[in-house]
Amino acid sequence: MRLSKLLSDAPAAATMQVDGFLDGRALKWGKHKRIKVGKVLRNFHCRTCDTQRTFVSGDELSCLGLGDNQISIDATLQCIECQSSVEIWFLIGSNGDISGVAPEVRIERYTENLRDRADRIDSHRGPFSDLVKRAQLAYENQLGAGSIVYLRKIFELVTFGVAEIAEIETKKNNGNNQPFALVLQQVNEVRNIIPRRFSSDGYQLFRELSNIIHGESSEEEALQKYKPCLQLVLGVVDEVSRDNEYARAIEELGWNVENISEITGGGVA
Ligand SMILES: [Zn+2]
């Protein structure tokens, strides 16, 4: 298998054996080399075309030597229709000599710079898509607490949104927001927004998210908790979206990242 296949499938983390791509010569630390490993193809939602498109690299990729077991690869990809250009970067590791005939390699890090030209598939719709995207980017860049902050914001947005629609009071007399936990409890009594499968311990999600944000977990713990917390938060979003009345109302309120601080301001309990 050629290295381009592994790069096209990122961020799948499995180790794969690929055809040697460094001509059997070690790429010394700090040295560059152009490699021919096939084109890298990735599907994104192209903003110019306003549809899903394949973005493709050139025939050669730029490779930077980092030692016997690691290389860095830079690539720029173009939309096959409108030539909009994005950049992606990989850190590739191997257990053995990475310059071997058939090295076993894996993607250790993957980052994309889509600028304002493209979005990940299925990440460009819905009132919370921007926050989910930010959470995911923070997670992929190993920012544990950072990724959780965005999940918590989504959770707060949904909860305050439902509170508004259900006419639950969210402000104190002095105009500040009520504590989030209190609003959540009242909301959940009127309209169950915590998915049933989590409802036996309904406020655990909120506590988990709060503890991490307030530094009671290490970065490593935060990263470990990211995926389950993401599932829980998306479950809350699903629960609300399934209810047409609430979903439509939230859509109509048109929340986006610009007015989050307004909604969550002073409410971080
Ligand atoms: Zn395009």
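The structure displayed is predicted, hence computed values, not measured ones.

Reading the values: rules and limits
- All residue numbers refer to positions counted from 1 along the written sequence of the respective chain.
- Residues qualify for local features only when their pLDDT is at least 70, as the model is predicted, and side-chain atom pairs are given and counted only at 80 or more; totals for whole chains, interfaces and linings, by contrast, use all residues.
- Pairing between two strands requires that DSSP report at least two bridges joining them.
- Only DSSP runs of H or I covering at least 4 residues are called helices, and only runs of E covering at least 2 are called strands; the numbering of each starts at the N terminus.
- In this description, a nonpolar core means buried residues of the types Ala, Val, Leu, Ile, Met, Phe, Trp, Tyr and Cys, linked to one another by C-beta atoms lying within 7 Å.
- Once C-beta atoms are placed from the backbone, each residue is buried if 20 or more other C-beta atoms lie within 10 Å of its own, exposed if 12 or fewer, and partly exposed for counts between those two.
- By the convention adopted here, residues make contact when the C-beta atoms placed from their backbones lie within 7 Å.
- Axes here refer to lines fitted to C-alpha atoms; in helices the fit is confined to the stretch in contact. Angles between the N-to-C directions go from 0 to 180 degrees.
- For classification purposes, an angle smaller than 35 degrees is called roughly parallel, one larger than 145 roughly antiparallel, one from 65 to 115 roughly perpendicular, and anything else oblique.
- Crossing handedness follows the turn of the near helix against the far one: under a right angle anticlockwise gives a left-handed crossing, and clockwise gives a right-handed one.
- For this classification, Asp, Glu, Lys and Arg are treated as charged, while Ala, Val, Leu, Ile, Met, Phe, Trp, Tyr, Cys and Pro are nonpolar and the rest, including Gly, are polar.

Q: Teacher, can you tell me more about the pairing of strand β3 (residues 41-46) here?
A: In the case of a regular strand, side chains alternate between the two sheet surfaces. Bridging between β3 and strand β4 (residues 51-56) involves 6 bridges; their strand directions are antiparallel. Bridge assignment links L41 to a residue of β4, and that residue is V56.

Q: I'm lost on the nonpolar core in this one. Help?
A: Side chains of nonpolar character tend, in soluble globular proteins, to be buried together. Formed by 35 residues in total, the largest nonpolar core has its most connected members in L151, I154, V158, L209, C229, V233 and V236. Within the residue set of this core, elements represented by two or more residues are α2 (129-140), α3 (144-165), α4 (180-190), α5 (204-213) and α6 (219-242). Looking at this core, the element that brings in the most residues is α3, giving 11 residues. Leaving out residues up to four positions away in the same chain, L209 has contacts with I148, L151, R152, F155 and C229.

Q: Would you mind showing me how to read the environment of L77 here?
A: If you trace the backbone, L77 turns up in strand β6 (residues 70-79). In this structure the C-alpha to C-alpha distance between L77 and K39, which are 38 residues apart in sequence, comes to 9.4 Å. The contact partners of L77, leaving out residues within four places of it in the chain, are V40, R42, F55, V56, S57, V86 and I88.

Q: Is there a simple way to explain the packing of α3 against α4 in this structure?
A: Helix-helix packing is characterised by the crossing angle of the two axes and by the distance between the axes. Contact geometry of α3 with α4 gives a least axis separation of 9 Å together with a crossing angle of 55°. It follows from the interaxial angle that α3 and α4 lie oblique. Both α3 and α4 take part in a crossing whose hand is left-handed. On the side of α3, the interface is formed by E156, T159, F160, V162 and A163, while α4 contributes F180, V183, L184 and V187. Among the residues forming the contact of α3 with α4, the class breakdown is 7 nonpolar, 1 polar and 1 charged.

Q: How should I be thinking about the environment of E220 in this particular structure?
A: Note that E220 resides in helix α6. Judged by the 10 C-beta atoms lying within 10 Å of it, E220 is exposed.

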